[in-house]
Structure formats: structure tokens, C-alpha cells
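The primary structure of each chain is shown beneath.
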Amino acid sequence: MNRSFFLLPLIGAVLPASAREKPNVLFIIGDDVGYGDLSCYGAEKISTPYLDRLAARGCRFTDAHSAAATSSPARYALLTGTHGFRNGIDILPGDAAMALPTDRITLPRLFRQVGYRTAVVGKWHLGLGPGGRETDWNRKIEPSPSDVGFDYSFILPATNDRVPCVYVENGYVVNADPADPITVDYKQPIPGSLYPVGHRNPDSMSGYPSSHGHNMSVINGIGRIGYMKGGQKALWKDETIADTLVEHAVDFIRENRDRPFFLMFNSNDIHVPRVPHPRFRGTSDYGLRGDAMVQLDWCAGVLMDLLDELGLTSDTIIVFSSDNGPVYDDGYRDGTTVHLFSRETDNGHDASGPYFGGKYDIREGGTRVPLLIAWENHVRAGSVSEALVSQVDFLGTFASYFGIPLNDNEALDSVDSFPSFFGNHTELDPDFFLIEEAVGKLALRYGNRKIRDDKNRRLYGFDTDFKERKSFYFNEKEKYWQMRKMLDELKKTGRRFFPKKSL
């Protein structure tokens, strides 16, 4: 369903792209941040004053979704406008090949096409180079973010619990030492590596013992996924990752203050291992996971304060969201304790808010995430939106805004949602729909109804049942089978090409 007819009075769609307003665009993407992890979404054990300030300046969305319940496919969809399942994108290892297309439109390539300076700072997790042992970490890595539209990149190659534990800037490992070359292997230990192997030396994991899976190469006293050799001078320090990322994001904004820019700030917080800087330890009532959330809030605050200082706030769209829903114990014994009976609360905190599920899960908590959008004089300050929206639609929305045509093989699932993201469309549209993706599973949201892509004839309704416990199938069989047909067709066609007659 294309809602672009709302767009004309808002932005003057008849104008050429060069004549339209070109606001700076800052995306702040948290990692594994749940719907209930911000105080403006109801968290009581975590205080997020800077993100609360962002909500007060703009709109807080209550039915916003990442495209998937795990990182790589969610980020792939955000950047390409196409769901990851269409191209076999799952949770990628740290030595994966570049997953993004280098020959088609991406969100940064779209912005660069209309004169923006583009950058990504922080977590990547979308593959680098040709993959596996073919990716040489000791030379320029190609393809890298520069090949998919980013003018500047300073990234963690995958996640902070995966090797290699180094920063990569514009395709080069930072502080690489030719005398200590880096080797990465995700299958077996590397002979001659100075890093202990956790499952052979459990005492080496002194900082954050592994609860499952994180017991391969031990770096900075923390077991990781995958094996690494070399690169000791290039290793990041877990406690200072947030500071380092903020520093590079600040530099990029200052350097580009006089031209439009698009910056993706991809925080590693609150992904495991949760190692907040000592100055954030104990700043929440919720242990390391809460302290890491306070650190993420601080990162957002630094960037927001910088925009205020430079006089750029009124000319900048600021978006905060998360790549997927929350997770508690995700491989380390760091104090998180899932409630024995509900498996929904951790030490009295429910990170998915009123919804069931979280990371990896096809239930609503897997993809329903916080979304805050501020744009002075465009988005009403302090507003709350019940509109059903998805991160996959940012590419289609900005393409429409700038009048950039999309080819038939591009942005297959991304539709123009300008009025919902940035305009006055604040209520749930009963005819709007989106796909939710978890590990090997799909679901369809259609207004306030939802079905899963399985043989169980269950129809869920979020007007009365947030926990997905009750099926409305026997009362609404026609709705279920309409949605079943929709989902089958959507898997073949993509949302952008979904035939109107099927609605």
C-alpha cells in the first residue's frame, strides 16, 4: 500500500530534488534495545534523560518495528529496503563476505546521490571483503562500507562478542602491525595464537564467564565467538568503545557542519558483552545491562548537544531506534537473571514492555522496538504515534522525498511512509501491513492483526491481546485467510510490488 498521496501538501513533491530542503539526517541505532528499555517507554530501573529529551522534541512511536528480530537481517533491510530472507541473510559470522549489494541503491548511496556526505560509525555486522580466509585483515579490505555508499566509516567489523576485536576505518584495520598480522578463523583454533582458547582454559575468562557459546578466543579477559591470531596493538578496549565511537562521530559532524550529511551512529550497547565504562557502572538500578543503556543514552546526548552547539538542530532529522528486541543472557554470566516462570522479566525489569518475546523471536517483542524521531518545525514536539511503521521503509520514504526513482530490483519491501515518520499520520492505519522476520520464521502484521507463517491457524489481535495468547481465528476466519494469501504473495513479490487487488 503506497501512502504517497499524503506527501504532496507536506513537502511539495513537484519540486526537483535540488530545490527541496536537505536536512541533515542522524540515525542512532542501539543494539538489542527493547521497547521497554527507555524511561520514556516506561522503564523504572533505567533513566534515559537524553533520549527522553529527544522524545519531548519529536515523536515517540508505539508500534514501530525493525525488519527482523536479529541484527544482520534487520540492518540489511534498513540499508537496502529489502528483507533479508529474500537474499538468505541471517546472523552473520565475523568473517562473513560483504552482504550488501555494491551495484544497487542503498540508503547511504541514495543520500550521496543528492549531495550528502555519508558516514557510518559503530557496529557493522554486514560482512567485509570476500569472506572467510579470503578476507585479508592486514591490507585494505574490499568491498567495505565505501563500496555501498559511505564516504567515511569507522566500524566494529561484526559485534563486540565476535572476532576480530579491532576497529576498521575506511577499509583498514586501525593500528595494524605488519609484524603481528591478523588471522581469523571461525572453525578451529589457530596454531601459534597468543590468545587463550576459552573452552580449554576457562580460568582465562576472568571478566565475563561464558554461559554458552562465547568460549573461543579470549581477548581482554572475555571469551568471544571465533578464533583470532595477531593484531595485539589493534585491539579495542571494551570499556572505551562508546567513547571512541562518539569521538569519531563528533569529528564527522564538525567536519561536515556546512554541508548536508547522513550519519549512522551504530552503538554496540547494549549488546553483550556489556562492559560499560567505569564512570557508568552503578548508574542504573539494573546491573550491567542497565548501566550500558545509560551509556548509550549518554552517547545520544553528546551528539544532540553537539548539534545544539553548532546550531544544526533545526536542520537535522534525528532518529533513534534499535536493530531488534531485547535479550538478557546472550552468552555471558553478567548478572542478568530471567524470571523463572514468565521468562519475560530480568531482575524486575521487562525489556519488551507489555509484549512477549525478544531477540530471535517471531513474537511481537522480537521486532517492536523504540522509535523516536525529531525534526524541528516538521514533527510535532511531544507527540505520540500509534502508526504501524517499519525501518525497512526509510529508504523508500527518502527516495520519494528526493524524487529518486527505484529500479524493479531495488528496495523490494520499502514503501513511502513520509506522513507516518515525519508528518501528521499518527494513528494506526487499519489497511497498512508489514512483514516481521525472526530466525527462519516470518509473520505478517495487518493493522492490529497478526499471523505467523506456520501451519497453526492462529490470528492475533493487538487491540485486546498484547501477549499473543489468544487466537481470533474462529471469530475472524475470513481475515485470517485473507492475510494468509497476502503473506504468500508478499513472499514472492515484495511489499513495494504487492498487487492492490489482493487488499
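Conventions we followed
Numbering of residues begins from 1 in every chain and follows the order in which that chain's sequence is written. Local features in this predicted model are restricted to residues whose pLDDT is 70 or higher, and side-chain atom pairs enter the listing and the counts only when it is 80 or higher, whereas totals over whole chains, interfaces and linings include all residues. Excluding hydrogens and water, the side-chain figures rest on all heavy atoms present in the structure. Each residue is placed in one exposure class: buried if its accessible area under a 1.4 Å probe, protein chains only, is under 20% of its type's maximum, exposed if it is over 50%, and partly exposed if it falls in between. Put simply, DSSP marks the helices as runs of H or I at least four residues long and the strands as runs of E at least two long, and each gets a number from the N terminus on. In this analysis, strands are considered paired if DSSP registers two or more bridges between them. Only the contacting stretch of a helix is used when fitting its axis, a line to C-alpha atoms as for every element, and angles between N-to-C directions run 0 to 180 degrees. Should an angle fall under 35 degrees it is called roughly parallel, over 145 degrees roughly antiparallel, and 65 to 115 degrees roughly perpendicular, with every other angle called oblique. Whether two residues are in contact is decided by their heavy atoms, any of which lying within 4.5 Å being enough. Residues are grouped as follows: Ala, Val, Leu, Ile, Met, Phe, Trp, Tyr, Cys and Pro are nonpolar; Asp, Glu, Lys and Arg are charged; all remaining types, including Gly, are polar. Two cysteine sulfur atoms form a disulfide, by the criterion used here, when they sit within 2.5 Å.

A. The arrangement of the pairing of strand β19 (residues 449-452) in detail. Side-chain alternation along β19 places R449 and I451 on one buried face and K450 and R452 on a second face that is also buried. Inspection of the sheet shows strand β18 (residues 441-446) paired to β19 by 4 bridges, in the antiparallel sense. Paired with A443 across the strands is R452, a residue of β19. Counting the residues in the hairpin turn of β18 and β19 gives 2 residues, including G447, whose phi is positive at 60 degrees.

B. Summary view of the packing of helix α2 (residues 49-57) against helix α6 (residues 287-309). Look at α2 against α6: their axes get within 7 Å of each other, and the N-to-C directions meet at 50 degrees. Taken together, the axes of α2 and α6 lie oblique to each other. Across the interface between the two elements, P49, Y50, L51, R53, L54 and R57 of α2 pack against M293, D297, W298, A300, G301, M304, D305 and D308 of α6. Here the residues of the contact of α2 with α6 are counted per class, giving 8 nonpolar, 1 polar and 5 charged.

C. Looking closely at the state of the cysteines. Per the stated rule, a full pass over the model turns up 0 disulfides. Unpaired in terms of disulfides, C165 finds its nearest cysteine sulfur in C299, a separation of 19 Å. You can call C165 buried: its relative accessible area is 0%. This cysteine, C299, is not joined by any disulfide, and C40 carries the nearest cysteine sulfur, 16 Å off.

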